[in-house]
Amino acid sequence: MVDLESLQFEREVYLKLQSAEREEVLTDKRYSPKEVLQAMQGAISDCCGSTGYVMRI
């Protein structure tokens, strides 16, 4: 028997993928993995300062 949490998680993932597909149609901007990682590192640094662990590439 599949539990409720598993079903909820799968539904959330499905809805987020649908949202991403709709957004893809509306914009022509694409981000590289490196751009996404750098944005995430910047957000972590802004939030946590130098105490947060940030992986460098």
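Residues numbered from 1 in each chain as written. Predicted model: local features only at pLDDT ≥ 70, side-chain atom pairs only at ≥ 80, totals over all residues. Heavy atoms only, no water.

**Focus on the overall build of the protein**
What the protein contains, in helices and strands, is 2 helices and 0 strands. The 57 residues of the protein split such that 4% are buried. When the accessible surface of the protein is split by element, carbon and sulfur atoms take 59% of a total near 5,500 Å². (Helix = DSSP H or I, 4+ residues; strand = E, 2+ residues; numbered from the N terminus. Buried < 20%, exposed > 50% of the residue type's maximum accessible area, 1.4 Å probe, protein only. Areas by Shrake-Rupley, 256 points an atom, 1.4 Å probe, with all protein chains shown as cover.)

**What to know about the pattern of salt bridges**
Taken as a whole and assessed by the stated rule, the structure comprises 2 salt bridges. With its nearest N and O atoms 3.9 Å apart, the salt bridge here joins Glu-35 to Lys-29. Looking at Glu-35, the relative accessible area reads 34%, which means it is partly exposed. (Salt bridge = Lys/Arg side-chain N within 4 Å of Asp/Glu carboxyl O.)

**Brief notes about a nonpolar patch on the surface**
A cluster of nonpolar side chains, namely Phe-9, Val-13 and Leu-17, defines an oily patch on the protein surface of about 300 Å² accessible area. Within the secondary structure layout, Val-13 lies in helix 1 (residues 4–26). On the accessibility criterion, Val-13 (36% relative accessible area) is partly exposed. (Patch = residues over 30% accessible without salt bridge, like charges linked within 9 Å, V, L, I, M, F, W, Y side chains within 5 Å.)

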